[in-house]
Structures are given as C-alpha cells and as structure tokens.
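Each chain, letter by letter, is given below.
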Amino acid sequence: MSATRVDTVVVGGGAMGSAAAWQLARRGVETVLLERFSPGHTNGASHGASRIFRTSYADRTYVELAREAERLWTELEHESGSDLLTVTGGVDQGSTTHLAGIAGTLAELGLPHQWLDAAEAAQRWPGITFAGRALYYPNSGRLHADDAVHALQRSAAAGGAEVRHETRVISIDVRDENSVIVRTDDHEYVARRVVVAAGAWASKLLTGLAPLPPITVTQEQPAHFVPRDPDASWPSFGILHDPDGPDAPEFGGVYGLSSGAEGVKVGFHGTGPVVDPDHRDFTAEPRQLAALQDYVRRWVPGVDADALTPISCTYATTPDSNFVIDRTGPVVVAAGFSGHGFKFVPAIGRLLADLTVDKDAPTLFSFRSHSAEKVV
Ligand SMILES: Cc1cc2nc3c(=O)[nH]c(=O)nc-3n(C[C@H](O)[C@H](O)[C@H](O)COP(=O)(O)OP(=O)(O)OC[C@H]3O[C@@H](n4cnc5c(N)ncnc54)[C@H](O)[C@@H]3O)c2cc1C
C-alpha cells in the first residue's frame, strides 16, 4: 500500500473537520482532510440550509466561544466571498429559570438582550404564539450550513490543504506520542497528529484510542413548514417547557428559524430514535412527526402545519450535552456536539488546530470533565 508523510490528517469533512483543516491551512500546516462521502452529502449532521447562530447561553464558556465564532464567521465570509450568517434576531420563551440564567450571564458580559412581554413579542412576530414574557437577542441569526461547509473546504484548499472526498478511513494506529498511521482503503498516511471529527461515527473510530464518554446517536427529524405569509420576517426561536411543568409536551419544546426558500424549520431537540449511523432509514418516525405538526398548530400558527417537508440528520449527544474537544497523544478529538455545535464551528476549528500544537482546550470539553459521568 502506498504511503504519504504529512503533518496532520483530519478525519471527517463535516463542519468541524472542515473548520480544523481551514485553521491548520491558515497556519501553513501540511494538512490532508479525508471525507468518506461526496461533497454536500446528507448522511451526517452538517447539511442543509440553516442552523441557528446565537451567543445566548447561561455558561460563559459557550458564550465566549460563540463570540469568537461570530468574528471568525465574518472572516470566513470575507475570505471565501460567501454570505454565511444572516442576522435575524432571536427570541426564546418558556422555562423562566433557564432564561433567567441566560439573561444573567449576558448581563454580566454586557451582551445585548431584552425582555419582552407576550404582547410586544406577539406584535413583532405574529407567526409565533407567546404564552408569557420572552427573551430577545438582537445578534442571533441563521447560518447557511451547506455554504459554510463548502466555504471552509474551499478556503482550506486555497490555503494549501489537500481535501479528499469519497475516502473512508478504516483504521488509526498510534505508534508513539508524535506518530500515527491513518489507513484508508488504498492508502496510508504517516502523521504527527490526527484530528478525528467523525460526528456520529466518532465512537466507532475512536474506541480504544481515546476515553470518550458514552455518545448517543439519534436520527433527528425537524421539518420545513410553508409560511402562511411568504413576506413575514422570522427570528430564530426557542420554546422551552419545564419538563415537569403541567403542559410539558411529550417531546419537549422546539427550536425554529427561517430557512429562506425552503420554508420555516421547526424541530424537537434530541428526541429522535437511537440509530447506528451506518444503518439509517432517513425516514421520519410518524408518531413524532404528527406530534410536531400538532405542536406547530398551537405554537407556530404562522406556518401551515400540513404543508411540510421532513429533514433527516444525526445528533451525537453526550450525557450532559457538553462537547468533547481534547487530545491524547497524537490523537485530537472533536465529538459529541449534541445538536448545538454548528454556531461555534470556526472557533472549534481554532481550538482543534491549537490542540495539534499541544495547547489545552477549555476544561468543560476535556476528557477529564466527562469522565466523572462514567463514575456515576
Ligand atoms: C437537525 C439538526 C439541527 C441542528 N440545528 C443546529 C442549530 O440550529 N445550531 C447549531 O449550532 N447546531 C445545530 N445542529 C448541530 C450541528 O449541525 C452539529 O453539531 C454539527 O454539524 C456537527 O458537525 P460534525 O462535523 O461533528 O459532524 P458531521 O457533519 O456528521 O461530520 C462528520 C463527518 O465525518 C465523516 N466520517 C465519518 N467516519 C469517517 C471515516 N471513517 N472516514 C472518513 N470520513 C468519515 C462523515 O461522513 C461526516 O461527513 C443541528 C444538528 C441537526 C442534526
């Protein structure tokens, strides 16, 4: 089998791996990005027309990472000449404890946010039902997912990275602290570092190589709904219910945003059936889809609940929904993005590139911080 010596191999050409390759190429690091499927594939978690961007988290680690990503999305837009982030504003309602936590952190950091009473919110966004006061974030918006992945790969290649699609990694063998062999069906790479950003396939590829927490892979099924008024403006939105609350719906609350011509995307969060990513049916589970339509009829009257197109996509969720971003020997890991990783992508690319030169990632994402769960 032919072999190539290279500084860093990145496994996985979804959003995270592509961002790592972009950041490594920017630093002049000899990089090869290996993706098993073709460009624009829909088998993972990074495809489609929309993802919510927001800096609204209660945990400062996430807020600071999102703020860095906000700057880097702009840099990538300039570098690639693509429009990736559309600021639409965002609004959350429900779970007062959760929202109070977010408002508290945003106030501490001096970040823009505003409480609105239900009438004010309903006047601004008549397409959404508001049952109480809501928290508004002017800098939230919509990321164009497909265009972002494409821009990252194109900029990585322009910076000197080799981007190879339809190239499946079949094994990763650590030789020592600074040497690893990455094998594909017909080639071998000898590298100083390997970044494994394999999404739903992370546990399969990293078993025995890195101390991952349990990661649950689910097939999520949001849908695009046809808006009743095609000219209406839509924020990104979250409707959160206290799980023990009297009207807590079976599948919990929803997130939503406009996906432009494709309609308004609405979905439950992390409630899809558990799947093996290599054996999926890409088909919406009917009972949950009907529950989503019922939910939309009540809470999102601005769309036609019967005019919908289901979407299929994977979540890879850790027990506490915190990411796993860390290094062990020559292996750098990016896993467990738990359905909320896209907004941070360019900043996570920076974290991964830093880890290849032995800089630490935030403690919250470390193997150690996840290991406590196993003990439990
Ligand atoms: C329905 C849905 C809605 C979401 N909404 C939001 C949102 O609004 N805001 C937000 O911030 N986040 C959101 N997310 C989460 C976000 O999309 C993910 O966190 C992110 O896309 C994860 O990227 P990834 O690169 O880790 O995974 P993936 O995109 O799945 O990439 C992994 C890649 O690795 C490749 N691969 C796997 N094994 C191999 C191998 N052996 N060899 C070579 N290549 C391999 C796969 O083919 C794949 O392309 C959402 C996710 C879903 C599913």
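Residues numbered from 1 in each chain as written. Predicted model: local features only at pLDDT ≥ 70, side-chain atom pairs only at ≥ 80, totals over all residues. Heavy atoms only, no water.

*Asks:* Explain the domain arrangement of the protein here, please?
*Replies:* How big an interface is tends to be expressed through the accessible area that disappears when the partners come together. Structurally, the protein comprises domain 1 (2–47 + 147–213 + 320–371) and domain 2 (90–138 + 217–317). Distance between the C-alpha centres of domain 1 and domain 2: 30 Å. Contact residues are listed per partner, giving 15 residues for domain 1 and 13 residues for domain 2. Both faces combined, the contact of domain 1 with domain 2 buries some 1100 Å², and carbon together with sulfur accounts for 49% of it. Sorting the residues of domain 1 by area buried against domain 2 places Ala200, Lys204 and Ser338 first, and these three jointly supply 37% of that buried surface. Across the contact surface, domain 1 and domain 2 share three salt bridges. Close ionic contact of Arg36 with Asp278 constitutes a salt bridge, the shortest N to O distance being 3.3 Å. (Domains from an automatic or database assignment. Contact = heavy atoms within 4.5 Å. Buried area = accessible area lost by both parts, 1.4 Å probe. Salt bridge = Lys/Arg side-chain N within 4 Å of Asp/Glu carboxyl O.)

*Asks:* Any chance you could explain the site of the ligand here in plain terms?
*Replies:* Around the ligand there are 34 residues in total, and Glu35, His41, Ser46, Ile52 and Cys313 lie nearest to it. Glu35 is positioned such that a nitrogen or oxygen atom in its side chain is 2.6 Å from an oxygen atom of the ligand. Contact between the ligand and Gly341: an oxygen atom at 3.2 Å from a main-chain N or O atom of the residue. Taken by itself the ligand offers 1000 Å² of open surface, and the protein chains cover 97% of this. If you list the elements that add at least two residues to the shell around the ligand, you get helix H1 (15–26), strand E3 (51–53) and strand E19 (313–317). If you tally residues by element for the shell around the ligand, the top one is E19, at three residues. Looking at the shell around the ligand residue by residue, the class counts come to 18 nonpolar, 11 polar and five charged. (Near = heavy atom within 4 Å. Polar contact = N/O pair within 3.5 Å; in protein donor to acceptor, adjacent residues only side chain to side chain. Areas by Shrake-Rupley, 256 points an atom, 1.4 Å probe, with all protein chains shown as cover. Helix = DSSP H or I, 4+ residues; strand = E, 2+ residues; numbered from the N terminus. Nonpolar A, V, L, I, M, F, W, Y, C, P; charged D, E, K, R; others polar.)

*Asks:* Help me understand the packing of H1 against helix H2 (residues 60–80) in this model?
*Replies:* Each pair of packed helices can be summarised by the angle the axes make with each other and by the distance between the axes. Taken N-terminus to C-terminus, the directions of H1 and H2 make an angle of 70°; their axes are 13 Å apart at the nearest point. As judged from the angle between their axes, H1 and H2 are roughly perpendicular. Contact with H1, carried on its side by Trp22, Gln23 and Arg26, involves Leu72, Glu75, Leu76 and Glu79 of H2 and no other residues of that element. Grouping the constituent residues of the contact of H1 with H2 by class yields three nonpolar, one polar and three charged. (Axes fitted to C-alpha atoms, helices over the stretch in contact; angles between N-to-C directions. Parallel < 35°, antiparallel > 145°, perpendicular 65-115°, else oblique.)

*Asks:* Which parts of the structure should I look at to understand the pattern of salt bridges?
*Replies:* When the charged atoms of two side chains lie near each other, side chains of opposite charge can form a pair. According to the stated counting rule, one finds 21 salt bridges in the structure shown. In this structure, Arg27 engages Asp354 in a salt bridge whose closest nitrogen and oxygen atoms are separated by 2.9 Å. Taken as a pair, Arg27 in the loop between H1 and strand E2 (31–34) and Asp354 in helix H8 (residues 345–356) lie far apart in primary sequence, 327 residues in all. On the accessibility criterion, Arg27 (37% relative accessible area) is partly exposed. Taking relative accessible area as the criterion, Asp354 reaches 9% and is therefore assigned buried. Notably, a salt bridge pairs Glu68 with Arg350, separated by 2.7 Å at the nearest N-O pair. (Buried < 20%, exposed > 50% of the residue type's maximum accessible area, 1.4 Å probe, protein only.)

*Asks:* What exactly am I supposed to notice about the sheet that holds strand E5 (residues 90–94) here?
*Replies:* Backbone hydrogen bonds hold the strands of a sheet together, and the pairing may be parallel or antiparallel. In spatial order, the strands read E6-E7-E5-E15-E16-E17-E14-E18; together these eight strands make up an open sheet with mixed pairing. The two strands at the open ends of the sheet, each matched to only one other strand, are strand E6 (114–116) and strand E18 (303–310). Across the sheet, the mean angle from the axis of one strand to that of its neighbour is 25°, orientation sign disregarded. Of the strand pairs in this sheet, strand E16 (residues 254–258) and strand E17 (residues 264–268) are connected by five bridges, and their pairing is antiparallel. The partner of Val254 across the bridge, within E17, is Phe268. Here helix H3 (residues 96–108) sits on the sheet in contact with E5, E6, strand E7 (134–137) and strand E15 (236–240), set at roughly 35° to E7. (Pairing = 2+ DSSP bridges.)

*Asks:* Just to check I follow, could you spell out the layout of surface pockets for this structure?
*Replies:* Any space left empty among the atoms is revealed by the rolling of a water-sized probe across them. In this structure, the second largest pocket encloses a volume near 230 Å³. As for the second largest pocket, its lining consists of 15 residues, of which Gly94, Ser95, Ala131, Leu240 and His241 are closest to the centre. For the lining of the second largest pocket, the secondary structure elements donating two or more residues are E5 and E15. Split by residue class, the lining of the second largest pocket holds five nonpolar, seven polar and three charged. (1 Å grid on protein atoms, 1.4 Å probe; cavity = no way out; pocket = protein on both sides within 12 Å on 5 of 7 lines; lining within 4 Å. Points joined across faces, edges and corners; volume = space filled by probe spheres on them.)

*Asks:* What exactly am I supposed to notice about the sheet that holds strand E8 (residues 141–143) here?
*Replies:* Here we have three strands laid out as an open sheet, ordered E3-E8-E4, and antiparallel in their pairing. A single partner strand is all that each edge strand has here, and the edge strands are E3 and strand E4 (85–87). The sheet shows a mean angle of 30° between the axes of neighbouring strands, taken without regard to direction. Where E3 meets E8, three bridges bridge the pair, whose relative direction is antiparallel. Opposite Arg51, over in E8, you have Leu143 as the bridge partner.

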